[in-house]
Amino acid sequence: MEILFWHGYLLHGSGSNIFALNIVEEFLKKNNVYLFSQERNWDGIEGIGSHWIMDADQSISLKTKFKEDGFIGVTPYIGDLLPVFVYDDYDGFRVKTFDKLIDEELEKYIDLNVKAIIKFLETTKIDIIYCNHFAISPYIMKKVKEKTGVPYVVIGHGSSLNYIISKDKRYMDLSYEGFLDSKNVVVQSEYIRGRSCEIYEKTEFFRDSRFQIIPSGVNFDKFNRLLKDKEIKNIIEDKVHFSNGPLKRIYDENYEKIKKLEDIEEIKKIINETEEDIEYRDIDRDLISKLSSGLRGKDNILYIGKLIISKGVHIMLMSLPYIFQKNPTTNITIVGYGKFRPVLEILLRGLIEGNKNLIEVIIEKGFYLEGEKHGQLEYLSKFWDGLKRENKLESYLELAKKIDLDRVVFLGKLDHDILPHVIKKHSVIVVPSVFPESFGMVSIEGMSQGLIPIVFNHSGLKEVIPFNDSLVNLDDKVVNNLEKVINLNLEKLEKIPDINKKFILESKKYSFESVAERLLDLR
């Protein structure tokens, strides 16, 4: 078949980006595939054969040919505006979240995408289109189908549903129009089905046979394709050479400037000035020394994901005094990038120094330090107030002073060429997201290498975890709940031989190969 996979965003970092790439590679085994994306670094994309670019009048030209086989990456012209679900900076784009678009901007974005796809279909035969996200691809594909007759399948993810459609009725109405004309609508979990029923108030459609649940997966070939130490060392050295990413030293210096401040504007100014000189999406410049110094051991704990408030890393940091009390030789590794990283680094140092005033400022003004919106870190506020109410704050801070800063390591952004080598050095993976997730892909990636998964007990996260001892209740006592589950599972490592085998076995239920086969069956 000739397949067009439409993904209107980039191809690194987030779950839906990784999903798009992996499904395209699986489709490619028996089909010709064209991947529409606004990715700017196609030469770093595994599996690409050629890159085509469409100019302002949507004329197609070959920009780069990488190899004879592989999929064809296509960059349609959409102007300089890139609408996203969660704000971030992207080079070469003017970025706005979908809910901030005025009607004229939204209409132009839809119109440019529709014109690009129709122009493409005039020159290239396509049998079916698969499109990612409920906002706003179903409506775009409906308009394309009206002109061309090409059928389409919609694949939904949690981010567009929870961040945009639940807040902005424009996207609910337009996407629902697109659903009705689609061949199928696919989501990754029962949670997303239920959330769709709740938001759209169209229960009958989401129980219709055209609405399918197909869980996501893991690329086991990549996760089991571990390079030799010398090869991985060369890859890291090459990336570090070109990096302007974060350094531990920078955050040490930042903390020294900030630790006695209580004025939120002064704190934010120092953070922003420092971040101007860093490309926070680059690999950490001191990654080599970090990897060589402290990631080995059987009781190491790992986090992988964006460093934003909704992912809950701040909750994990606040649980560390209790974790290190029982497991003083454990190591915590935090992989990922995001606007909240500088605050997490400051929070960690303030915790170790017992800097009560600074911790309270971060708890009360956390959202403002991440972006522009004021708001407290709700779960930490309840935890902190509970410590005060029960006269346990001072003893908690005394425990915090015993944390060894060198045992809590931020590695920054890692791609999937390096990631498996980091995962294998750990025994527990924590997914502390406070925001509903459509699927627990990160926990499955960890389980594929035998790590014990520990996830917050909600949304699509819990649907892939059949182990009660891995689930953490997200309530007012979540900091204590998390440390108890982590400590319980660290004890199991000592008591249960070959415990990793059951997690490896469980992970095998999920593969991108099987996901792709089920998606192709919908044609």
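Here's a quick rundown of the structure. (Residues numbered from 1 in each chain as written. Predicted model: local features only at pLDDT ≥ 70, side-chain atom pairs only at ≥ 80, totals over all residues. Heavy atoms only, no water.)

**Here's the deal with the sheet that holds strand 13 (residues 332–335)**
If you walk across this open sheet you meet the 6 strands as 14-13-12-15-16-17, and the pairing is parallel. The sheet is open, and its two edges are formed by strand 14 (408–412) and strand 17 (471–472), each paired on a single side. Relative to strand 14, strand 13 runs parallel, the two being bridged by 4 bridges. Across the sheet, Val335 pairs through a bridge with Gly412, a residue of strand 14. (Pairing = 2+ DSSP bridges. Helix = DSSP H or I, 4+ residues; strand = E, 2+ residues; numbered from the N terminus.)

**Focus on the layout of surface pockets**
A volume near 1,400 Å³ is recorded for the second largest pocket. Taken together, 43 residues make up the lining of the second largest pocket; nearest its centre are Val86, Tyr87, Glu370, Gly371 and Glu372. Every element with two or more residues in the lining of the second largest pocket is listed here: strand 7 (94–97), helix 4 (158–165), helix 11 (264–275), helix 16 (356–370) and helix 17 (378–389). No other element matches the 4 residues that helix 11 contributes to the lining of the second largest pocket. Of the residues belonging to the lining of the second largest pocket, the class tally is 18 nonpolar, 7 polar and 18 charged. (1 Å grid on protein atoms, 1.4 Å probe; cavity = no way out; pocket = protein on both sides within 12 Å on 5 of 7 lines; lining within 4 Å. Points joined across faces, edges and corners; volume = space filled by probe spheres on them. Nonpolar A, V, L, I, M, F, W, Y, C, P; charged D, E, K, R; others polar.)

**Things to note about the side chain of Glu25**
Within the fold, Glu25 resides in helix 1 (residues 15–27). Apart from the residues lying within four places of it in its own chain, the contact partners of Glu25 are Glu46, Gly47 and Lys222. (Contact = heavy atoms within 4.5 Å.)

**Some points on empty space enclosed by the protein**
Enumeration according to the criterion identifies 1 cavity of 30 Å³ or more in this entry. Roughly 40 Å³ of volume is contained in the largest cavity. Contributing to the lining of the largest cavity are Trp6, His7, Gly8, Phe36, Ser37, Gln38, Pro76, Ile78, Tyr109 and Asn113. Tallied by class, residues from the lining of the largest cavity come to 5 nonpolar, 5 polar and no charged.

**Remarks on the nonpolar core**
Counting 126 residues, the largest nonpolar core has Phe5, Phe27, Tyr130, Met318, Ile334, Tyr396 and Leu519 as the members making the most contacts within it. One finds Phe85, Val114, Ile117 and Tyr171 within the second-largest nonpolar core, a separate group that totals 60 residues. (Core = buried A, V, L, I, M, F, W, Y, C linked by side-chain atoms within 4.5 Å. Buried < 20%, exposed > 50% of the residue type's maximum accessible area, 1.4 Å probe, protein only.)

**Quick word on the pairing of strand 14**
By the criterion of burial, strand 14 is predominantly enclosed, with 5 of the 5 residues buried. Side chains Val408, Phe410 and Gly412 of strand 14 all project onto a buried face; the interleaved residues Val409 and Leu411 project onto the opposite face, where all are buried too.

**Quick look at helix 24 (residues 512–521)**
Of the positions making up helix 24, those classed as buried are Phe512, Val515, Ala516, Leu519 and Leu520. One side of helix 24 holds all its buried residues, which, seen down the axis, span an arc of 130°. The inward-facing, buried residues of helix 24 abut strand 1 (2–6), helix 1, strand 8 (128–132), strand 9 (152–155), strand 10 (184–187) and helix 20 (441–447). (Arc of directions from axis to C-beta.)

**Some thoughts on a positive patch on the surface**
Side chains of Lys326, Arg389, Lys477 and Lys484 sit close together on the surface and give a patch of like positive charge. For Arg389, a relative accessible area of 61% puts it in the exposed group. (Patch = residues over 30% accessible without salt bridge, like charges linked within 9 Å, V, L, I, M, F, W, Y side chains within 5 Å. Areas by Shrake-Rupley, 256 points an atom, 1.4 Å probe, with all protein chains shown as cover. Salt bridge = Lys/Arg side-chain N within 4 Å of Asp/Glu carboxyl O. Lys, Arg positive; Asp, Glu negative; His and termini not counted. Charge placed at Lys NZ, Arg CZ, Asp CG, Glu CD.)

**Brief notes about the pairing of strand 3 (residues 48–54)**
Counting buried residues along strand 3, 5 of its 7 residues qualify, which places the element largely inside the surrounding structure. Inspection of the sheet shows strand 3 paired to strand 5 (residues 71–75) by 5 bridges, in the parallel sense. Bridge pairing in strand 5 links Ser50 to Ile72. Two strands pair when backbone bridges link them, and strand 3 and strand 4 (residues 60–65) are joined in this way by 5 bridges, in the antiparallel orientation. The residue bridging Met54 from the neighbouring strand is Ile60, located in strand 4. Hairpin connection from strand 3 to strand 4: 5 residues lie between these consecutive antiparallel strands, with Gln58 at a positive phi of about 65°.

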